Amino acid sequence: MNWYLLQTKPNAHSIAREHLKRQGFNVFLPLIIKTTRKHRKFLYANVPLFPGYLFMGSAANPIPWKSVNGTKGVTRAVTLDGVYRPVSIHIINGLQSRCDDDGVIQMLDDIVTADRIKIERGPFAEFVCTVDQIKDDQRAWVLIDIHQQQKRAEVSLDDVSKIT
């Protein structure tokens, strides 16, 4: 099977995915969890890792590009010099191996005490801090610099990423 990169219309990745599946194509849309704040509450949403793009898999030869490019939600298939070229299977396999059953990218690196991390979700989203203590396999105490003072906070290890 070959995988191709498709550009989708703005915020139409779900529509494009469903219509491509109906045509018999495989679709891979890697997602990440994004935190937003609205009305003093934190909201979590699964959003595409590559906004405006998804991967289409097909074993058909030749691929009906006119039909693919005319699919609802799809802007066009990405080409190189006007030629439809497949994405390396190693890239697709690497991304798929990091995704859970819902297509959400999971963290790879084990986090240990004294690591520098970035909080990805929650009230301290986007803060860079230091791991003070690993509480268990799900949570950790971190030291966050707030107003030139270090404050200790407990965070989920699912909500952080290691800074290399």
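Preceding this paragraph is the structure being described.
What comes next concerns the included structure. Nothing here was measured: the structure is a model prediction, and the numbers come from that model.

Now for the sheet that holds strand E2 (residues 26-28). Taken together, the 4 strands give an open sheet; going across it, the order is E2-E5-E1-E6, and neighbouring strands pair in antiparallel fashion. Two strands close off the open sheet at either side, each with one partner strand: E2 and strand E6 (74-77). For this sheet the average axis-to-axis angle between neighbouring strands, irrespective of direction, equals 35°. Looking at chain direction, E2 and strand E5 (residues 53-58) are connected through 3 bridges and run antiparallel. For asparagine 26, the partnering residue across the bridge sits in E5 and is glycine 57. Against the sheet, helix H1 (residues 13-22) engages strand E1 (2-8), E2, E5 and E6, with an angle of about 5° to E5.

This part covers the side chain of threonine 35. Here threonine 35 lies in strand E3 (residues 31-38). What makes threonine 35 buried here is its relative accessible area of 15%. When neighbours within four sequence positions are excluded, threonine 35 is seen to be in contact with Phe42, Leu43, Tyr44, Glu120, Arg121 and Gly122.

Across the sheet, which stays open at both edges, the 5 strands sit in the order E10-E9-E8-E7-E11 with antiparallel pairing between neighbours. Each end of this open sheet is capped by a strand with a single partner; those strands are strand E10 (149-156) and strand E11 (160-162). Taken pair by pair, the neighbouring strands of this sheet meet at an average axis angle of 45°, ignoring direction. As defined by bridge partners, strand E9 (residues 139-146) adjoins E10 across 8 bridges and the pair is classed as antiparallel. Within E10, the residue paired with tryptophan 141 across the bridge is glutamate 154.

Bridge count between E1 and E5: 6 bridges; the pairing is antiparallel. Residue pairing across strands places glutamine 7 opposite tyrosine 53, the latter belonging to E5. Of the strand pairs in this sheet, E1 and E6 are connected by 3 bridges, and their pairing is antiparallel. Counterpart to threonine 8 in the pairing with E6 is valine 74.

This brings us to the pattern of salt bridges. Taken as a whole and judged by the stated rule, the model has 7 salt bridges. A salt bridge links glutamate 18 to arginine 17; the shortest N-O distance between them is 3.9 Å. Two residues, glutamate 154 and lysine 135, come together in a salt bridge whose shortest N-O distance is 2.8 Å. Of the two residues, glutamate 154 sits in strand E10 while lysine 135 sits in the loop between strand E8 (128-134) and E9, which places them 19 residues apart along the sequence. By relative accessible area, which is 27% here, glutamate 154 ends up partly exposed.

Calculation rules
Residues numbered from 1 in each chain as written. Predicted model: local features only at pLDDT ≥ 70, side-chain atom pairs only at ≥ 80, totals over all residues. Heavy atoms only, no water. Pairing = 2+ DSSP bridges. Helix = DSSP H or I, 4+ residues; strand = E, 2+ residues; numbered from the N terminus. Axes fitted to C-alpha atoms, helices over the stretch in contact; angles between N-to-C directions. Contact = heavy atoms within 4.5 Å. Buried < 20%, exposed > 50% of the residue type's maximum accessible area, 1.4 Å probe, protein only. Salt bridge = Lys/Arg side-chain N within 4 Å of Asp/Glu carboxyl O.

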